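So you can see what is in the structure, the chains are spelled out below.
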Amino acid sequence: MLLLKLGYRSLWRNRRRTILTMTAMGVATMLMVLTLSIYEGIFQDMIHSATSFQGQIRVTAKGYFEDQEIDQTIPQEAFRQAILTYPGVVGIAGRVRGFALLSYGEGDSSRAQAAELMGIDPEEERTVSEFAGRVIRGKFISRADSGEIVLGQGLARSLEAVVGCEIVAMGQDSYGSVAAGVFRVAGIVDTGDPVRDVSLALMERRTLQKMLALDIQLHEWALRMRSPVLAYEAAAGLQAELTGCDVRPWNRFLPQLNELLKLTEVTKY
């Protein structure tokens, strides 16, 4: 108690010095809190931007992330209920993926471009990704088996395709046979990622399943969590429940972003 009294008397022996020191400490603390808050906001924006189209957890067949073979599928309905009822999950979307050569036009004016086809359910996708809200021309896929296709902005530019035109897609199905179809461009989407937009083509899921002879199989379930930080624990829990599958949170299927965040976390302190 005596030390506290002596310390208090010493503080006010030189009032100007004490006030200047306290002010400096207060301003420094305020600036540190502000800086850390800005950093945290930037991190959250980076995670949101990176996962707003891919989902925060992806469930695939074992080995699909490494090989992405067309026959590495999972049953469409087998895990749906287990995923939907898992704590923290607010949206799931089943997807089918394939690759094809898209072409538009005839004769000397025709143009062709390799593309990644993503088969989606329009209603499910609205609960997970922002594709529907990023359509800049035309409209999003509206209904099942509609024969509609939505092109990434860069892909549409390469093909010189416009809303309403017909695109021919040619690839390979799950049996190794030729898979082909003619689709009408319903819309053009700008995801904000030029690398993604130059090769992305969205189709109704059932249409692509038929084209690739996949019956009702999926290549992945994409999940959106109530918060991105819940993805780590949820992925571990789902991995234990969904035997035979590979369950990865965003920091595993987006390793570059994860390393960048780790580096920034170290440097900010």
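In what follows, the structure referred to is the one given above.
My aim in this report is to walk through the structure given alongside it, one point at a time. Bear in mind that the values here come from a model prediction, so they are computed numbers and not experimental data.

Observations concerning the environment of Met-118
Assignment of secondary structure puts Met-118 in strand β4 (residues 111-120). With relative accessibility at 4%, the residue Met-118 sits in the buried group. Discounting chain neighbours no more than four positions away, the residues touching Met-118 are Arg-95, Val-96, Arg-97, Phe-131, Leu-200, Ala-201, Leu-202, Met-203 and Leu-208.

A short note on the packing of aromatic side chains
Applying the stated rule across the entire model yields two aromatic pairs. On the basis of an interplanar angle of 50° and a centroid distance of 5.0 Å, the ring pair of Phe-53 and Phe-131 is categorised as tilted. Taken together, the residues Phe-53 in the loop between α2 (15-51) and β1 (57-61) and Phe-131 in the loop between α5 (122-126) and β5 (135-138) connect sequence positions 78 residues apart. Take Phe-53: its relative accessible area is 3%, and that puts it in the buried class. For Phe-131, a relative accessible area of 2% corresponds to the buried category. Both rings, one in Tyr-232 and one in Trp-250, keep their centres 5.8 Å apart while their planes meet at 45°; by these two values the pair is tilted. In this pair, Tyr-232 sits in helix α9 (residues 231-241) while Trp-250 sits in helix α10 (residues 250-253), placing the two residues 18 residues apart along the sequence. Looking at Trp-250, the relative accessible area reads 1%, which means it is buried.

Calculation rules
- The residue count restarts for each chain, going from 1 along the sequence in the order it is written.
- Local features in a predicted model are, by the rule used here, given only for residues with pLDDT of at least 70; side-chain atom pairs are given and counted only at 80 or more, and totals for whole chains, interfaces and linings are based on all residues.
- Values reported for side chains reflect all heavy atoms of the structure, with hydrogen atoms and water molecules removed beforehand.
- Helix and strand definitions here come from DSSP, where helices need a minimum of 4 consecutive H or I residues and strands a minimum of 2 consecutive E residues; each element is numbered from the N-terminal end.
- Between buried and exposed lies partly exposed: a residue is buried under 20% and exposed over 50% of the maximum accessible area for its type, with that area taken using a 1.4 Å probe on protein chains only.
- Only heavy atoms enter the contact rule, under which two residues are in contact if any of them lie within 4.5 Å.
- What counts as a ring pair is set by centres within 6.5 Å for rings of Phe, Tyr and Trp (its six-membered ring), and what kind of pair is set by the plane angle: stacked under 30 degrees, edge-to-face over 60, tilted for all other angles.

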